[in-house]
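Here's the letter readout for the chains.
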Amino acid sequence: MCNSGWQAFIRTSLPEWPTWLAIVFCYGSWWSLGYWLYPVAPWAALAGLAIVVAFHSSLQHEAIHTHPTPSALCNELLLGLPLGLAYPYRRYRETHLQHHDDERLTDPHADPESYYWDGNDLAKLGRVYRFMLSINQTLLGRLLLGPLLGSVRFFLVDMRRIAAGNWGVTLAWVIHAVSILIVAIIVTRGFCMSFWLYALGPAYIGTSLIGMRSFCEHRWHDVTGGRTIIVEGSLLSFLFLFNNLHSVHHRYPGQPWFRMRKLYYADRTAWLTLNHGYVFKGYRAILRQYLLRAKEPLLHPAQQTSGEKHQS
């Protein structure tokens, strides 16, 4: 990179100092909890590590959107380590950017993060899998089963892509396998913790915490702006890096997390109008409403029948 390139890189990255601090805090906490606290207070360490895994996932989301640097490779080196184990960073980046096509948001064929199903695909599923997916439409189900269902489905779809000769997906999973090995070495030799305990404890629970955020993030609505949620005043806001103000993020995906609140409260009324009142006062309101009740059916609401789908 030439001098002017380095200068532009530094000039772009310096205003991101809150993200740099968050990254240092994240990895410092991960190491401190595993290396120092786990030997003396294992349960407290495991709980803390789960929170750090969720926070790291939020930072990965920022990295995908060019924070703290404009370089995709730099951000991958900074945050590509899979503390949550399940998803290759490169594949998360690719599918999440595809998800940001708001005109196709929630379409089960075009939005990789949609929890809706096409009627024809839904009809082909076995009873047990359909039952598990139905439970996954409740908040309790999403917290308990969401990481398992999501990661297994993602893995199987990508294995079919690899079998079909998709070298980009293959490379992403090779990098992911090497990265998991690095995490495993740190966990087993640095933390002196069983890798399976880490996988079934902090990694799974941390991913589950992110499921709290993503549970209500999107819904079907005829108007694009009405498809994305706003959750106000949550104690979990920092853990999610203010991605709870999700409508703001989808409107300005290039803005960093530390500007979300200012953007929202600068014209709160306009945001509430834009997203057609899809607003919750906090995650406790979502918990009360959807803990044991399905938020929506599996079938995409834009479909008239199981085999006929309108353009979403």
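Residues numbered from 1 in each chain as written. Predicted model: local features only at pLDDT ≥ 70, side-chain atom pairs only at ≥ 80, totals over all residues. Heavy atoms only, no water.

Enquirer: Just give me the short version of the layout of surface pockets, but keep the residues and values in it.
Expert: In this structure, the second largest pocket occupies an estimated 410 Å³ of space. Taken together, 17 residues make up the lining of the second largest pocket; nearest its centre are G84, L85, A86, S151 and A199. Those elements that place two or more of their residues in the lining of the second largest pocket are α8 (139-163), α9 (167-190) and α10 (195-214). If you tally residues by element for the lining of the second largest pocket, the top one is α10, at seven residues. (1 Å grid on protein atoms, 1.4 Å probe; cavity = no way out; pocket = protein on both sides within 12 Å on 5 of 7 lines; lining within 4 Å. Points joined across faces, edges and corners; volume = space filled by probe spheres on them. Helix = DSSP H or I, 4+ residues; strand = E, 2+ residues; numbered from the N terminus.)

Enquirer: I'd love a proper account of the packing of aromatic side chains, names of residues and values included.
Expert: Scanning the entire structure with this criterion turns up 20 aromatic pairs. With a centroid separation of 5.9 Å and 70° between ring planes, the pair formed by F195 and W196 is classed as edge-to-face. Classification of W196 by relative accessible area gives exposed; the value is 61%. A centroid spacing of 5.5 Å and a plane angle of 75° characterise the contact between F240 and Y283, whose relative ring orientation is edge-to-face. (Phe/Tyr/Trp six-rings, centres within 6.5 Å; stacked < 30°, edge-to-face > 60°. Buried < 20%, exposed > 50% of the residue type's maximum accessible area, 1.4 Å probe, protein only.)

Enquirer: Summarise the pattern of salt bridges; cite the residues concerned and give the values.
Expert: As enumerated under the stated definition, the model contains 10 salt bridges in all. Close ionic contact of R91 with E94 constitutes a salt bridge, the shortest N to O distance being 2.8 Å. Of the two residues, R91 and E94 both sit in helix α5 (residues 89-99), three residues apart, roughly one turn of that helix. A relative accessible area of 3% places R91 in the buried class. You can call E94 partly exposed: its relative accessible area is 48%. The network of salt bridges with common partners includes R91, E94, D158 and R161. (Salt bridge = Lys/Arg side-chain N within 4 Å of Asp/Glu carboxyl O.)

Enquirer: So what's going on with unusual backbone geometry? Residues and values would help.
Expert: The phi torsion of most residues other than glycine is negative, and most of the peptide bonds are trans. The omega torsion across H67 and P68 is 15°, close enough to zero to call that bond cis. Here P68 lies in the loop between α3 (42-64) and α4 (72-79). Even without glycine at this site, C192 takes up a positive phi of about 55°. Its place among the elements puts C192 in the loop between α9 and α10. For C192, a relative accessible area of 61% puts it in the exposed group. Here H276, not a glycine, exhibits a phi torsion of approximately 55°, which is positive.

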